Structures are given as structure tokens and as C-alpha cells.
Amino acid sequence: DPRAWGWFAWLAATGAVLPFFLITWSTRYIDSGLVGILIGTVPLTVIVLSHFLLPDEPMNRYKTAGFACGFAGVVFLIGPDNVTNLEGSGLALAAEIAVLVAAISYAVQAVTARRMPPMGVMLRAASVLLISSVFSVVIAGATAPDGLAGASTTGLLATLGLGLFPTALGTLALFRLLDSAGAGFVAMSNYLIPAWALLAGMLFLGEKLTWHIAAGFALILAGIAVSEHLGARARRRTAARQMPGRS
């Protein structure tokens, strides 16, 4: 179905090709901590887009409070000082704008994926990854045709690992969660990315637990609880009041 391939191309462009390129380019000019803060705007963008584009995911006070609490947790995790590192000119400013565009692109994919025609999770994931690969190879061939000529074995294996686990398996998980839990829950999971990265650093790299890491992780978990648990209870109460014969 040509319409299905149109959907796959759209999801590939918004969820892989565009953000991967923009984030990779931007890290050449700004710190990774600042990139993490800016990527943390994904859930905030999703909550706004979902309110207008997804009738079953309206904005409410619990969801708003949960997303705000989660974003505060990201700021604590990466370090409040990084928030003040925004540049006002030059390539650094362009890089900051690029990361924000990438965050919006991720949000657009998460929301619009809920509106595509029903089909199997494996079919969607495989098709989106296939088109993403085609797009990326064409762009890479046009901009850096000799990019892999001097790549080391370690670099190639790392690229393979990134393609298999966080990209291929991650795409499968994304579409399954979008179907079962909704775009809001998927957006909230973005807040856990820096948290798990820091915990992995403590386990495998000997990094120390600091107060702001512990406080940030606690805020993220609290935000998820407020947005999902209390928000679900509010939705159930609203649905019960709207049932025929109930006041």
C-alpha cells in the first residue's frame, strides 16, 4: 500500500534520520550535558502535541505536573550549572537549535505514529528501519563517501552494536509501547535515559553517587508516578461519572 510506505518514510525521517544527524553534528560544538538537557524537552513537546492530535491523551493537571517534575529531575541529574551554559551566537547557538529541532522531531514521530493505520509491530519497525537505512546511506554517500575507509574494527563493532540494540530493538519496543501505553508514557521514558546512563557509570566506571544524581532520579520516578498512576485514576473517575445511570 503506497500510503503505508508514506507513513514509514515519515516515521523514518522524523524518528531516525533527522534527529540522528542533528544530534551527532551538534555534539561537535556543545557539551553532551547540555545536549541531554535540551533533549529533555521531548516529553514536554509530546504532551502539547498529544493534547491537540490524540483525543485519548488530553492534557490534565497530573500529566502536566508529572512532566514538569521529570524535567526538573533531568536538570538535577546532569547538573544545574549546565542550564546556564547556553551560547548566544555562532556554531554553538546553531548546535543548540539543532538539538531542539531534533527533540521536536522525536516528539512528532511519537505522536503521529499513534495515528497511522493499524498493522503489526514487527512490520512497522522493520519497514521504518529499512527506509531509515536507505535514507542514511544516501546522505552519507553524498556528504562523506570515504567515511568508513579508515574505521577501526572496534568502531565498526560499536556501530553494529548501536544498530542492533538501541536502534533495532529500541524501535520494536517503541511501537509496542505506543500501542499499549500511549505517547505520553513513551515520552516520560525519555527522562530515564540520563538516569540509567549515570547509574551505569557508577556500576561499570566507578563513578560516585552524588546528592544531585539521587535527587534527580527520585524526581524522575515521582514524575512518572504522578503522570501515570494519579493521571490514570483521574481518567477512571471521569469515565465512571460519564457512564449512563451514574451521577
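So, here is what we can say about the structure in this document. Predicted model, so just to flag it, every value in this text is computed and none were measured.

1. Let's talk about the overall build of the protein
Reasoning step 1: Across its full length, the protein holds ten helices and zero strands.
Reasoning step 2: Moving toward the C terminus, one meets the helices and strands of the protein in the order α-α-α-α-α-α-α-α-α-α.
Reasoning step 3: In the protein, which comprises 247 residues, the share counted as buried stands at 36%.
Reasoning step 4: Residue pairs in contact within the protein that sit at least 24 positions apart in sequence constitute 84% of those at least 6 positions apart.
Reasoning step 5: For the protein, the accessible surface area stands at approximately 13,900 Å², while carbon and sulfur atoms represent 70% of it.

2. Re the pattern of salt bridges
Pairing between side chains becomes possible if they bear opposite charge and their charged atoms approach one another.
Reasoning step 1: A complete count under the given rule lists one salt bridge for this structure.
Reasoning step 2: Ionic pairing is found between Arg124 and Asp179, a salt bridge with its closest N-O pair at 2.3 Å. Of this pair, Arg124 sits in helix α6 (residues 121-143) while Asp179 sits in helix α7 (residues 153-180), and the two are 55 residues apart along the sequence.
Reasoning step 3: Taking relative accessible area as the criterion, Arg124 reaches 3% and is therefore assigned buried.

3. What to know about the packing of helix α1 (residues 2-26) against α6
Reasoning step 1: With their axes 8 Å apart at the nearest point, α1 and α6 run at an angle of 65° to one another. Like other packed secondary-structure pairs, α1 and α6 cross with a definite hand, here right-handed. On α6, the residues that touch Trp5, Phe8, Ala9, Leu11, Ala12, Ala16 and Val17 of α1 are Leu123, Arg124, Ser127, Val128, Ile131, Ser132, Phe135, Ser136 and Ile139.

4. Describing the nonpolar core
Reasoning step 1: By size, the foremost hydrophobic cluster in this structure holds 37 residues, and its most contacted members are Ile30, Ile39, Val46, Phe175 and Leu178.
Reasoning step 2: Elements with a minimum of two residues in this core: α1, α2 (32-39), α3 (42-53), α5 (90-112), α6, α7 and α8 (183-189).
Reasoning step 3: Among the elements that take part in this core, α5 stands out by supplying nine residues, more than any other.
Reasoning step 4: Leaving out residues up to four positions away in the same chain, Ile30 has contacts with Val35, Leu38, Ala92, Ala95, Glu96 and Val99.

5. Focus on the environment of Phe185
Reasoning step 1: Tracing the chain through its elements places Phe185 in helix α8.
Reasoning step 2: Taking C-alpha positions, Phe185 is 9.9 Å from Ile47, a pair spaced 138 residues apart along the chain.

6. Brief notes about the side chain of Ser132
Reasoning step 1: In this structure, Ser132 sits in helix α6.
Reasoning step 2: Ignoring any residue separated from it by four or fewer positions in sequence, one finds Ser132 in contact with Ala12, Ala16 and Val17.

What counts, and at which threshold
Throughout this description, residue numbers start from 1 for each chain and increase along the sequence as written. Local features in this predicted model are restricted to residues whose pLDDT is 70 or higher, and side-chain atom pairs enter the listing and the counts only when it is 80 or higher, whereas totals over whole chains, interfaces and linings include all residues. Side-chain measures were taken over the full set of non-hydrogen atoms in the model, leaving aside hydrogen atoms and water. Numbering of helices and strands runs from the N terminus, with a helix taken as a DSSP run of H or I at least four residues long and a strand as a DSSP run of E at least two residues long. A simple rule labels every residue: compare its accessible area, found with a 1.4 Å probe on the protein chains alone, to the largest value its type can have, and call it buried under 20%, exposed over 50%, or partly exposed in between. Note on contacts: a residue pair is in contact if any heavy atoms of the two residues lie within 4.5 Å. Per-residue accessibility takes into account occlusion by the displayed protein chains alone, with areas from the Shrake-Rupley method and a 1.4 Å probe. The working definition used for a salt bridge is a side-chain nitrogen of Lys or Arg within 4 Å of a carboxyl oxygen of Asp or Glu. To get an axis, fit a line to the C-alpha atoms, keeping to the stretch in contact for a helix; angles then go from 0 to 180 degrees between the N-to-C directions. Less than a right angle of anticlockwise turn of the near helix away from the far helix marks a crossing as left-handed, whereas a clockwise turn marks it as right-handed. The nonpolar core is taken to be a set of buried Ala, Val, Leu, Ile, Met, Phe, Trp, Tyr and Cys residues, with the residues joined through side-chain atoms within 4.5 Å.

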